[in-house]
Amino acid sequence: MSADATAVGRPSADVADVGQALYAFATQLYPICRSITGNGVRQTLGLIGQRIELKRHEVASGTRVFDWEVPLEWNIDDACVLGPGGERVVDFRAHNLHIVSYSEPVQRELTLEQLRPHLYSLPAHPDWIPYRTSYYRRHWGFCMRDRALQALRPGRYQVQIDSSLAPGSLSYGECFIPGKSREEVLFFTHVCHPSLANDNTSGMAIASFLASWIGSQPRRYSYRFVFAPGTIGSLCWLSRNQQRLKNVRHGLVLGLLGDPGTLTYKRSRRGDCDIDQLLAYLVAAADPPGSVIDFEPYGYDERQLCSPGFNLPVGRLTRSVNDGYPQYHSSADDLSLISPGQLQRSLQLCQRAVEILESNRRFINLAPKGEPRLGKRGLYGAMGGRSPAEREHAMLWILNQSDGGASLLDIARRSRLDYTAIHNAADELINAGLLAPVPAAAGKRRTRASAAARTRAARTAKPTSGKSATSGKSAKSGKSAKSGKSGSGGKR
Ligand code: ZN
């Protein structure tokens, strides 16, 4: 890569615009009262659908999904607690986090002591409103600033919750972007949190922009974006798509991508998939470098996607992890916590991941006995005797490692050379007739030093042609991504 995927010290005007556009979209999504079902999710999917081709799916209440059941649909118009003087001491209209999500309808007068078990606050952060839900247990409650809770006077309080819990459906959205191959890259993000910016308007905004950008690029893989409520939404999607899961080659859960923290990649349950190698490489190369954490069955939709019955090659990209920052699940996770720059850098890393997935290949060295003479093919720099420059260094690494087993990314990681340098050097070696792509089937099996693969590769290679058929598809896809026509940070 010419510049580090996330190193943007002084972003160009275009790149800065992308950050602003991401932030503006997150701002638009932020105030909506979302839950795991209801009109807030539909409104959210409607906004996303204005940016990308999104198909909305509805799953009826009561539908069994594995060990779960789609709950009644919840909607809410208004909710408040009126104090002894008739004033609104808690007001859903002022902030939708004030209501415990899935609160049942209530019209009741209570003493303060009767009311207290239904009030939630964060004593450690007296000015923040907590985020609470009660999806699967009939309940009602209000979330308050602890400062306001402590100020409540004894007396009689009126509780009014104008909500509905009724047979309806769960909504999720899906955007499918077909590629040349049926093999799919899956992106997943949750759409069930109300008025929380990092968790997860950031994920929704980035997934939407990423889908839009991928749609503008030439591509080998097909891409599928799922925007679904956490847990029950991903279970619904999984239950309806079991036949399709065999096509999923790589996947990422996206969320919490706008806060000031560095990037975090959480490995798939398998731990050693291509996506694990790739994201570990990109996150380590980010500026500042991020971290890689192991899989654990806690977090977002990777819990379902990586359950043993599916065990999909899907990791998760966040900045701060869930429950890993003080503002997590509180009103302080607002639009001041996320920034255009962090959103843009997160998007850029995702775009870089897609570019590498698209262009990464395994090759066979067609002259493996000894080093081929690069000089006579015009591949060495003019200055003999000096330590090889990055270009030559990259060529030596590729020739040495290309026995059909190592991919370009493997070589970049092992050599500690930049992926783009490796990728460009591979192009030069292909053009010089020294390298041929491993046919797809052999590459899948990752044959190591396979003589059969070498023979097949040699047969299909066209050393005299400037661009072999396969290199034209693989190696050039990275170049096309540089056009940045979509204006979404593609320029690098
Ligand atoms: Zn959350």
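Residues numbered from 1 in each chain as written. Predicted model: local features only at pLDDT ≥ 70, side-chain atom pairs only at ≥ 80, totals over all residues.

A count of helices and strands for the protein gives 15 helices and 19 strands. Relative to its 492 residues, the protein shows a buried fraction of 48%. Looking at the protein alone, contacts between residues at least 24 apart form 79% of all its contacts between residues at least 6 apart. (Helix = DSSP H or I, 4+ residues; strand = E, 2+ residues; numbered from the N terminus. Buried ≥ 20, exposed ≤ 12 C-beta atoms within 10 Å, placed from the backbone. Contact = placed C-beta atoms within 7 Å.)

Contact geometry of helix H5 (residues 197-215) with helix H9 (residues 340-359) gives a least axis separation of 10 Å together with a crossing angle of 40 degrees. As far as their axial angle goes, H9 and H5 are oblique. The hand of the H5/H9 crossing is right-handed. Across the interface between the two elements, Ser 202, Ala 205, Ile 206, Phe 209, Leu 210, Trp 213 and Ile 214 from H5 touch Leu 343, Ser 346, Leu 347, Cys 350, Gln 351 and Val 354 from H9. (Axes fitted to C-alpha atoms, helices over the stretch in contact; angles between N-to-C directions. Parallel < 35°, antiparallel > 145°, perpendicular 65-115°, else oblique. Left-handed = near helix turned anticlockwise from the far one by under 90°.)

Before going further, it helps to spend a moment on the sheet that holds strand S18 (residues 403-407). Spatial ordering of the open sheet is given by S18-S17-S19, a layout of 3 strands whose pairing is antiparallel. Each of the sheet's edge strands pairs with one partner strand only, and the pair in question is S18 and strand S19 (435-437). Strand-to-strand twist of the sheet, defined as the mean angle between neighbouring strand axes without regard to direction, takes the value 35 degrees. As paired elements, strand S17 (residues 362-365) and S19 share 3 bridges and run antiparallel to each other. Across the sheet, Ile 364 pairs through a bridge with Ala 436, a residue of S19. (Pairing = 2+ DSSP bridges.)

Here we take up the nonpolar core. Among soluble globular proteins, nonpolar side chains are generally buried collectively. Leu 22, Ile 206, Leu 210, Phe 227, Ile 398 and Ile 422 are the most contacted members of the largest nonpolar core, which has 130 residues in total. Per-element tally for this core: the top contributor is H5, with 10 residues. (Core = buried A, V, L, I, M, F, W, Y, C linked by C-beta atoms within 7 Å.)

Backbone hydrogen bonds hold the strands of a sheet together, and the pairing may be parallel or antiparallel. Strand order in the open sheet formed by 4 strands is S5-S4-S9-S6, with antiparallel pairing between adjacent strands. Looking at which strands have only one partner, the edges of the open sheet turn out to be strand S5 (88-91) and strand S6 (106-111). On average, adjacent strands in this sheet sit at an angle of 20 degrees to one another, irrespective of strand direction. Note that strand S4 (residues 73-82) and strand S9 (residues 156-166) share 9 bridges and pair antiparallel. Residue Trp 74 lies in a different strand from S9, and its bridge partner there is Leu 165.

Among the structural elements, Trp 237 can be located in helix H6 (residues 232-240). Accessibility expressed as a C-beta count within 10 Å gives 25 for Trp 237, which makes it buried. Between the alpha carbons of Trp 237 and Val 59 there is a distance of 9.4 Å; along the sequence they are 178 residues apart. Each residue touching Trp 237, except ones within four places of it in the same chain, is listed here: Tyr 172, Val 226 and Ala 228.

A separate point is unusual backbone geometry. Geometrically, the link from Asp 199 to Asn 200 is a cis peptide bond, its omega value of 20 degrees lying close to zero. When you line up the elements, Asn 200 lands in helix H5. At the junction of Asp 287 and Pro 288, the peptide bond is cis and its omega measures out at 0 degrees in the coordinates. Looking at the element boundaries, Pro 288 is found in the loop between helix H7 (274-285) and strand S15 (291-293). Despite not being glycine, Thr 231 shows a phi value in the positive range, around 60 degrees. Residue placement: Thr 231 occurs in the loop between strand S12 (222-228) and H6. In this structure, Asn 311 takes a positive phi of about 50 degrees despite not being glycine. Summarising the element assignment, Asn 311 is placed in the loop between helix H8 (302-305) and strand S16 (314-318). For Asn 311, a count of 13 C-beta atoms within 10 Å gives the class partly exposed.

Running from amino to carboxyl end, H7 crosses H9 at an angle of 135 degrees, the nearest separation of the two axes being 10 Å. If you check the angle between H7 and H9, you find them oblique. Judged by the twist between their axes, the crossing of H7 over H9 is right-handed. Side by side, H7 and H9 meet where Leu 278, Leu 279 and Leu 282 of the first sit next to Leu 349, Arg 352, Ala 353, Ile 356 and Leu 357 of the second.

As a further point, take the confidence of the model for the protein. Mean pLDDT over the protein stands at 88; residues scoring 70 or higher make up 85%. Taken as a whole, residues 1-11 scores under 50 in pLDDT and shows 27 contacts with residues more than four places along the chain or in a different chain. Between residues 382-386, whose pLDDT stays under 50, and residues either more than four places distant or in other chains, the model counts 0 contacts. (pLDDT = per-residue confidence, 0-100.)

Owing to its 3.6 residues per turn, the α-helix aligns residues three or four sequence positions apart on the same side. Helix length check: H7, at 12 residues, gives a terminal C-alpha distance of 17 Å against a target of 16 Å (1.5 Å per residue), a fit within 8%. Along H7, the residues that are buried comprise Ile 275, Asp 276, Leu 278, Leu 279, Tyr 281, Leu 282 and Val 283. Residues of H7 that are buried in the fold lie against strand S13 (248-254), strand S14 (264-266), S15, S16, H9 and helix H11 (408-415). (Expected span 1.5 Å × (residues − 1).)

A separate point is the environment of Tyr 172. Following the sequence through the fold, Tyr 172 ends up in strand S10 (residues 169-177). Assessed through the 26 C-beta atoms surrounding it within 10 Å, Tyr 172 is described here as buried. For the pair Tyr 172 and Val 41, spaced 131 residues apart in the sequence, the C-alpha separation amounts to 7.7 Å.

Before going further, it helps to examine the pairing of S9. Direction of pairing for S6 relative to S9: antiparallel, over a ladder of 6 bridges. Bridging across to S9, Leu 110 finds its partner in Tyr 157.

Attention now goes to the environment of Ala 426. As for its placement among the helices and strands, Ala 426 is situated in helix H12 (residues 419-431). Distance in space between the C-alpha atoms of Ala 426 and Ile 398 is 6.9 Å, their sequence separation being 28 residues.

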